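If you want the building blocks of each chain, they are given just below.
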Amino acid sequence: MPIARAARRATVRLGAVAVAGALLAACGTGSSSDSSGSSDGAGGEVTLTVDLFGSFGYQEAGLYEEYEKLNPGVTIKQSDTEDEADYWKSLQTRLAGGGGLADVQGVEVGRIASVTQQQSDKFQDLKEFGADRLKGEFAEAKWSAATTEDGRILGLGTDVGPEAMCYRTDLFERAGLPTDREELARKWSTWDGYLELGRQYKEKAPAGSAWLDSVAGLYGIMIGQEEERYYDASGELIYEKNPAVRAAWDASVEAAEAGLSAKLDQWSPQWNQAFSAGSFATIPCPAWMLGYVKGQAGDAGKGKWDIAELPGGAGNWGGSYLAIPRAAQHKKEAYDLIRWLTAPEQQAALFQKQGNFPSSTGAIEKVADARDPYFSNAPIGRIFGDAAKESPVQVLGVHDQNVMVQLTNALSEVERKGTSSRKAWETAKKGVANVIG
């Protein structure tokens, strides 16, 4: 795929997450008290169109079917584009022309600033349907990112991407490294510690196995720990002079030059196969990655994987919104649907079945005790819940995603071709200038 790994993260919400039976019993898919999906015309029939990228999991988790049962006369039809970059390009064309838009459109977190700052006239202010009353139900970072300076609410949050570190305990054992998640969290409390463990792993690693999958993924997870990345609060593009960007870049280059990476292009067929082949021992993993690991590693990987806290502190990578275009045909009914889909009960259910970590504070509490047998019974509710609560409120710029793509593409050149850090950085700068103009 032509877009970078960071942009593609939104396309992988696949696979089911197994959690403790008690959690499954506690959190059903029942509707909340303020989430009826009835249409304006009592007893009338309406078909709601939903256009998304990747797989948000609603269809797979049976939530559309549940909603239709709760609201006779409502039919939901979803369209889906695998590649988020292709989806966004198509959405821009339709927004400009005003036609061909769905009642509900998905928006990736890296695009939400573009919506609030440049396209607010193209999307429905959800306050008109009472969305302002929902503010306390969502994490502050999630809520504020979809709110304009003058207070218009242009989307409701779906998942977030709190970060942790997934690792192969069997490969660690063979390389003589500890496998206890708490001990590892102490040893790699910093990224320097993580890279040092990587060097130790390389010395005794099983044949054909590297420390991590991709330096682009490493960069993405590190930059997700920062409040300011590519823009500052005033909207100025600052990535060239931001020390946090350079620190993540330099650590990624160091990993590449030390031979710690498997040099895999994330989301490629080779990368997919590597999960079951044991081609890498660690992968920085936002919560949404768990389902993908399961889908690729399969049943044979159960019990071989574990999860520990992330080096360097909490961070977030990814997450999305549901928005309603001004040109939508059924705005009120569409709002009822997205209100229901993003309510705590449904977000908790989606986490149970698909692994998408909630942005709803109520849902986060519901899944706090969740464990995952596939990942050695790791306390995923606590690990990802703590990360979600501690993650910084990030400053998002209108071209966040575009800058991310250029930087991670350039890092891949360092990794795969041995391009110097200086040359790759200059290439990234030219790419950003060409894209942004």
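Residues numbered from 1 in each chain as written. Predicted model: local features only at pLDDT ≥ 70, side-chain atom pairs only at ≥ 80, totals over all residues. Heavy atoms only, no water.

**Student:** Could you give me a rundown of the pattern of salt bridges, with the residues and numbers involved?
**Tutor:** Where charged atoms of side chains with opposite charge meet at close range, the side chains can pair. Under the definition given, this model contains 20 salt bridges. Between R199 and E196 there is a salt bridge, and its shortest N-O distance comes to 3.7 Å. Note that R199 and E196 are positioned in helix α9 (residues 191-204) at a spacing of three residues, about one turn of the helix. In this structure R199 comes out as partly exposed when scored by relative accessible area, which is 31%. The shortest N-O distance in the salt bridge between R382 and E309 comes to 3.6 Å. Taken as a pair, R382 in helix α17 (residues 380-390) and E309 in the loop between β7 (305-308) and β8 (316-323) lie far apart in primary sequence, 73 residues in all. When salt bridges with common partners are traced through the structure, they connect E182, E309 and R382 into a single cluster. (Salt bridge = Lys/Arg side-chain N within 4 Å of Asp/Glu carboxyl O. Helix = DSSP H or I, 4+ residues; strand = E, 2+ residues; numbered from the N terminus. Buried < 20%, exposed > 50% of the residue type's maximum accessible area, 1.4 Å probe, protein only.)

**Student:** Run through the packing of aromatic side chains, naming residues and quoting values.
**Tutor:** Taken as a whole and assessed by the stated rule, the structure comprises 33 aromatic pairs. Note on W267 and Y292: the rings are 5.4 Å apart at their centroids and 85° apart in plane angle, and the pair reads as edge-to-face. Here the residue W267 occupies a position in the loop between α11 (243-257) and α12 (269-277), and Y292 occupies one in helix α13 (residues 289-297), the gap between them amounting to 25 residues. You can call Y292 buried: its relative accessible area is 6%. Geometrically, the ring pair formed by F275 and F280 is edge-to-face, given 5.2 Å between the ring centres and 80° between the ring planes. Note on accessibility: F275 and F280 belong to one class, buried. Ring pairs connect the aromatic residues W267, W271, F275, F280, W288, Y292, W305, W317, Y374 and F375, which therefore count as one cluster. It is K142 that lies over the ring of Y321; its NZ or CZ is 4.3 Å from the centre. (Phe/Tyr/Trp six-rings, centres within 6.5 Å; stacked < 30°, edge-to-face > 60°. Lys NZ or Arg CZ within 6 Å of the ring centre and 35° of its normal.)

**Student:** Break down the state of the cysteines for me, with residues and values.
**Tutor:** Each disulfide is one covalent bond, formed between the sulfur atoms of two cysteines. Counted according to the given criterion, the structure contains one disulfide. With a sulfur-sulfur separation of 2.1 Å, C166 is cross-linked through a disulfide to C285. For the disulfide bridge between C166 and C285, the dihedral angle about the S-S bond is near 90°, and by the sign convention the bridge is right-handed. Highlighted residues: C166 in strand β4 (residues 156-168) and C285 in strand β6 (residues 280-286), separated in sequence by 119 residues. Judged on exposure class, the residue C166 and its partner C285 are both buried. (Disulfide = S-S within 2.5 Å.)

**Student:** Outline the packing of helix α10 (residues 215-223) against helix α18 (residues 400-417), supporting the account with residue identities and numerical values.
**Tutor:** The interhelical angle for the contact between α10 and α18, taken along N-to-C directions, is 140°, at an axis separation of 8 Å. Put simply, α10 runs oblique to α18. Once α10 is placed against α18, the crossing between them reads as right-handed. Across from V215, A216, Y219, G220 and I223 in α10, the residues of α18 making contact are M404, L407, T408, L411, S412 and E415. A per-class count over the contact of α10 with α18 returns seven nonpolar, three polar and one charged. (Axes fitted to C-alpha atoms, helices over the stretch in contact; angles between N-to-C directions. Parallel < 35°, antiparallel > 145°, perpendicular 65-115°, else oblique. Left-handed = near helix turned anticlockwise from the far one by under 90°. Contact = heavy atoms within 4.5 Å. Nonpolar A, V, L, I, M, F, W, Y, C, P; charged D, E, K, R; others polar.)

**Student:** Run through the pairing of strand β1 (residues 46-53), naming residues and quoting values.
**Tutor:** The side chains of a regular strand alternate, residue by residue, between the two faces of the sheet. For β1, a buried count of six out of eight residues is recorded, marking the element as mostly surrounded by other parts of the structure. Judged from the eight bridges that link them, β1 and strand β2 (residues 74-81) form a sheet pairing that is parallel. Counted as the bridge partner of V46 is V74 from β2. Once the chain exits β1 it traverses helix α3 (residues 63-70) before rejoining the sheet at β2, and the crossover so formed is right-handed. Across two bridges, the pairing between β1 and strand β3 (residues 104-108) is parallel. Following the sheet pairing, D51 is matched in β3 by Q105. (Pairing = 2+ DSSP bridges. Right-handed = clockwise from strand over helix to strand, strands pointing away.)

**Student:** Would you mind going over the nonpolar core in detail, with residue names and values included?
**Tutor:** Grouped together as the largest cluster of nonpolar side chains are 80 residues, with contacts concentrated most on W188, W211, Y230, W305, I307 and L407. Broken down by element, the residue count for this core peaks at seven residues, all from α11. Within the second largest apolar cluster, 48 residues are counted, among which are L52, V115, L126 and L350. (Core = buried A, V, L, I, M, F, W, Y, C linked by side-chain atoms within 4.5 Å.)

**Student:** I'd like a description of the packing of α11 against helix α19 (residues 421-436), backed by residues and values.
**Tutor:** Two measures define how a pair of helices packs: the angle their axes make with one another and the distance between the axes. Where α11 meets α19, the closest approach of the two axes is 11 Å, and the angle between their N-to-C directions is 130°. By the angle between their axes, α11 is oblique relative to α19. Both α11 and α19 take part in a crossing whose hand is right-handed. On α19, the residues that touch V245, R246, W249 and V253 of α11 are S421, A424 and W425. Residues of the contact of α11 with α19, tallied by class, amount to five nonpolar, one polar and one charged.

Interpretation note: all reported values are geometric properties and have no functional meaning in isolation.
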